[in-house]
Amino acid sequence: MTTISSTIANHIKPTDSIVILTGAGISKESGLDTFRCADGIWAKVDLEDVATPQGFARDPNLVHRFYNDRRRGLADPAIQPNAAHAALAELERRWKGELLLVTQNIDDLHERAGSKTLIHMHGELRKVFCVHCRTVETWDGDLSVHDVCPTCARKGGMRPDVVWFGEMPYQMDRIYRALGACDLFVSIGTSGNVYPAAGFVAEARGAGAHTVELNLEPSLGASHFAEAVNGPATEVVPAFVA
Ligand code: BJW
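Please read these numbers as outputs of a predicted model, since none were measured by experiment.

Caption draft 1: Focus on the nonpolar core. Within the largest apolar cluster, 40 residues are counted, with the highest numbers of intra-cluster contacts made by Val19, Ile20, Cys182, Phe185 and Val237. Filtering out sequence-adjacent residues up to four positions away, Val237 remains in contact with Ala84, Ala87, Leu88, Ile188 and Leu214. In terms of nonpolar packing, the next biggest core, distinct from the first, is built from seven residues, Ala51, Val63, Ile106 and Leu125 among them.

Here is the structure:
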């Protein structure tokens, strides 16, 4: 079994740098849908309609409804961080070297579990921004085309603070710097379909890092990883961290 202890014994030092990438699979057992599983989000809606700037320009009401529903879903008291989120927060607390958690997820389950050094590279469901003045606001209710920007007072420019296809993911400079300097790269619950995140394993490996995949099944990029453990995140992540 691949664990952080066996990785320290064989590949890294306890003060080395770790980058962890997470995707929708880590939040699945908290009750949030993945995108590309058989019952996933892209089986129910067309991603061109709801996750592209062109879709938003065509029908902003449809896009607002899609994200309003997901924002309400995330606020449901039944949706809580699971044992995998908790294990990563625990690893960060006790790790003596640098540890950067990069999530593609727009939910807030990592921060609710206690993770601190965290980048939401695809944005955050509980935030919106104004296309006119670029101010980002925390937004817990529904959003509509009628909303007025609290900062510049213009109407119709508020949109979810999420990264759609064709848009630049957030904090890429910081992420690539960390990948170039890391000793261990761990990918959890992501299918490896979406770039640039799908290319992080090659980047880390090129920089000499040991690479581990923890996923329900082998991802598209599985052959790039030095080691893999397949199984549900709530089992394989706590076991890896223990
Ligand atoms: C479990 C489990 C359990 C289930 N336990 N596991 C080549 C290079 C660069 C870019 C491109 C390129 N080729 C094409 C592109 C463009 C495009 C792209 O990647 N297209 C592909 C479809 C080919 N990328 C972009 O447009 C990105 N921007 C960009 O590239 O800018 C230019 C740039 C270039 C170079 C450097 C820097 C910048 C933007 C991508 C934006 C993605 N946005 C979305 C939606 C918005 C947020 C939202 O609404 O939530 O983000 S799409 C969607 O996919 C979402 C996710 O974050 C993302 C990834 O999905 P994820 O997390 O992998 O989920 P799934 O469902 O695919 O997989 C779940 C996995 O979990 C599965 O493997 C399951 O088996 C597993 N699992 N249950 C453990 N219990």
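Caption draft 2: Expanded view of the sheet that holds strand S5 (residues 136–138). Across the sheet, three strands lie side by side as S5-S4-S6; this open sheet has antiparallel pairing. The open sheet has two edge strands, S5 and strand S6 (158–162), and neither has a second partner. When strand polarity is set aside, the average angle formed by the axes of neighbouring strands in this sheet is 45 degrees. Bridging between strand S4 (residues 123–130) and S6 involves five bridges; their strand directions are antiparallel. Paired with Glu124 across the bridge in S6 is Asp161. Contacting S4 and S6, helix H5 (residues 60–75) runs over the sheet at an angle of about 135 degrees to S4.

Caption draft 3: Region of the structure containing the environment of Leu32. As for its position among the elements, Leu32 is in the loop between helix H2 (25–28) and helix H3 (47–50). Here the alpha-carbon distance between Leu32 and Ser219, two residues 187 residues apart in the chain, equals 19 Å. Apart from the residues lying within four places of it in its own chain, the contact partners of Leu32 are Ser27, Ile79 and Asp107.

Caption draft 4: Main features of the pairing of S4. With six of its eight residues buried, S4 lies for the most part within the structure. Direction of pairing for S4 relative to S5: antiparallel, over a ladder of three bridges. Paired with Phe129 across the strands is Val136, a residue of S5.

Caption draft 5: The arrangement of the sheet that holds strand S8 (residues 210–215) in detail. Within the open sheet, the six strands sit side by side as S3-S2-S1-S7-S8-S9. Their pairing is parallel. Since the sheet does not close on itself, it has two edges, and those belong to strand S3 (118–120) and strand S9 (227–230), each with one partner. In this sheet, adjacent strand axes meet at a mean angle of 15 degrees when their direction is disregarded. Of the strand pairs in this sheet, strand S1 (residues 18–22) and strand S2 (residues 99–103) are connected by five bridges, and their pairing is parallel. Bridge pairing links Val19 to Leu100 in S2.

Definitions and cut-offs
Residues numbered from 1 in each chain as written. Predicted model: local features only at pLDDT ≥ 70, side-chain atom pairs only at ≥ 80, totals over all residues. Core = buried A, V, L, I, M, F, W, Y, C linked by C-beta atoms within 7 Å. Buried ≥ 20, exposed ≤ 12 C-beta atoms within 10 Å, placed from the backbone. Contact = placed C-beta atoms within 7 Å. Pairing = 2+ DSSP bridges. Helix = DSSP H or I, 4+ residues; strand = E, 2+ residues; numbered from the N terminus. Axes fitted to C-alpha atoms, helices over the stretch in contact; angles between N-to-C directions.

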